[in-house]
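Chain residues, written in single-letter form:
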Amino acid sequence: MKIAPSLLSCDFSKMGEEIERMDQAGADWMHLDVMDGHFVPNITFGAPIIKAVRKLSNRPFDVHLMISEPLKYIDDFADAGADIITFHVECDSDIDSTIDKIKSRGVKPGLVLKPNTPAWTVFPYLEKLDVVLVMTVEPGFGGQSFMPNMMPKVKEIKRECHRRGLDNILIEADGGIGRDTIEQAADAGVDVCVAGTAVFRAADPAKAIELFKTF
Ligand code: DX5
Ligand code: ZN
C-alpha cells in the first residue's frame, strides 16, 4: 500500500517543515487538498502555496482539486510542480478537455468520485487516466469517519479496469483512513491511501506510515 499524507491536517504555521517531516517519515506521495469554498464548503490553499513548498520534498505531489472549474487552473498547478492532478467528475469543467490539458502539461490525471457518485461515471475516461480517487468521506473536511460502503465501488472500478486491461491505473481512497479502516481499503483493492488525521495526530508518524504500508 502506498501512503499519501494529507497536508490538510498539518500545522499550517510550518507547512514546509511538515512536508519535510512527512518526507522523512516515509510518505510515498504528498496529498494536497485544494478547496474553493464553492465546490465544497471550505477554503484551503492554492497554487502559490504549493509552489512555495514544492522544493522541500522530491516525493510526487498529488494535488486533489475540490474546485468547480478545474480546467481554468490546470496551468497554475502544473507550474507549481504538481505530479498528479485529480479533479472531480462532478465538476463544471468539460472532463475530456480537463484530462487532455493535464496530460499536455506532462502531469498525470486522475478523476475523483464523491460518495454518492456511481462508479460508471468515470468509465468513459478510464483509458486516459492514471488514477481514480474514491472519496470515503464527503469532501471538504479532515477528521471524518470512513464510509465502508464505498468498498463495493472500489471493487467495481477495479474490475472494470482489469476487464479493459488497464491494470496500471491506481485506485486511491481518501477520508477517514487509519489503523482501524485501512485493512478494508486494502482488501477492496485500493493501491494508495490518503491519510490526514491518522498520520499527523500519530505520536510517531513514521511508525504509523510504516504500519499502514504493510497492508
Ligand atoms: C477531504 C480531503 C481529505 C482529508 C483526509 O475533503 O480530501 O484528503 O484531508 O483527512 P482524514 O484522513 O483526516 O480523513
Ligand atoms: Zn483529498
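Figured I'd write up the structure that's included with this text.

Analysis parameters
Residues numbered from 1 in each chain as written. Chains lettered and ligands numbered in written order. Predicted model: local features only at pLDDT ≥ 70, side-chain atom pairs only at ≥ 80, totals over all residues. Heavy atoms only, no water. Near = heavy atom within 4 Å. Polar contact = N/O pair within 3.5 Å; in protein donor to acceptor, adjacent residues only side chain to side chain. Areas by Shrake-Rupley, 256 points an atom, 1.4 Å probe, with all protein chains shown as cover. 1 Å grid on protein atoms, 1.4 Å probe; cavity = no way out; pocket = protein on both sides within 12 Å on 5 of 7 lines; lining within 4 Å. Sits in = over half its atoms within 2 Å of the grid points. Helix = DSSP H or I, 4+ residues; strand = E, 2+ residues; numbered from the N terminus. Nonpolar A, V, L, I, M, F, W, Y, C, P; charged D, E, K, R; others polar. Donors = N, O, S within 2.8 Å, 3.2 Å for Na, K, Ca; no water. Tetrahedral: all angles 85-135°; square planar, octahedral: opposite > 155°, others 65-115°. Buried < 20%, exposed > 50% of the residue type's maximum accessible area, 1.4 Å probe, protein only. Pairing = 2+ DSSP bridges. Axes fitted to C-alpha atoms, helices over the stretch in contact; angles between N-to-C directions. Contact = heavy atoms within 4.5 Å.

Some words on the site of ligand 1
Phase 1 of the analysis: Every one of the 20 residues lining ligand 1 counts as a neighbour, but G140, D174, G176, G196 and T197 are closest to it.
Phase 2 of the analysis: Separating an oxygen atom of ligand 1 from a side-chain N or O atom of H64 is a distance of 3.3 Å.
Phase 3 of the analysis: Between ligand 1 and G176 there is a distance of 2.8 Å, counted from an oxygen atom to a backbone nitrogen or oxygen.
Phase 4 of the analysis: Relative to its unbound accessible surface of 380 Å², ligand 1 loses 99% to contact with the protein.
Phase 5 of the analysis: In this structure the site holding ligand 1 corresponds to the largest pocket.
Phase 6 of the analysis: For the shell around ligand 1, the secondary structure elements donating two or more residues are β2 (30–35), β3 (61–66) and β8 (192–195).
Phase 7 of the analysis: Looking at which element gives the most residues to the shell around ligand 1, the answer is β2, with three residues.
Phase 8 of the analysis: The class makeup of the residues in the shell around ligand 1 is eight nonpolar, 10 polar and two charged.

Section: the coordination of the zinc ion (ligand 2)
Phase 1 of the analysis: Protein-derived coordination of the zinc ion (ligand 2) comes from H31 (NE2), D33 (OD), H64 (ND1) and D174 (OD), at a distance range of 2.0 to 2.3 Å.
Phase 2 of the analysis: Bound by six donor atoms, the zinc ion (ligand 2) shows angles of 69 to 169° at the metal and therefore octahedral coordination geometry.
Phase 3 of the analysis: Read from N- to C-terminus, the donor residues coordinating the zinc ion (ligand 2) fall into the pattern H-x1-D-x30-H-x109-D. In this pair, H31 is assigned in strand β2 and D174 in strand β7 (residues 170–174), connecting sequence segments 143 residues apart. Assigned by exposure class, H31 and D174 land together as buried.

Examining the sheet that holds strand β4 (residues 84–88)
Phase 1 of the analysis: Read across the open sheet, the eight strands follow the order β1-β8-β7-β6-β5-β4-β3-β2; overall the sheet is parallel. Single-partner strands in this sheet number two, and they are β1 (2–5) and β2. Along the sheet, successive strands turn relative to each other by an average axial angle of 25°, direction set aside.
Phase 2 of the analysis: With four bridges joining them, strand β5 (residues 108–113) and strand β6 (residues 131–135) adopt parallel strand pairing. Each residue of the ladder has a partner; that of V112, found in β6, is L133.
Phase 3 of the analysis: Sheet strands in contact with helix α5 (residues 151–163) are β5, β6 and β7, and its direction is about 165° off that of β6.

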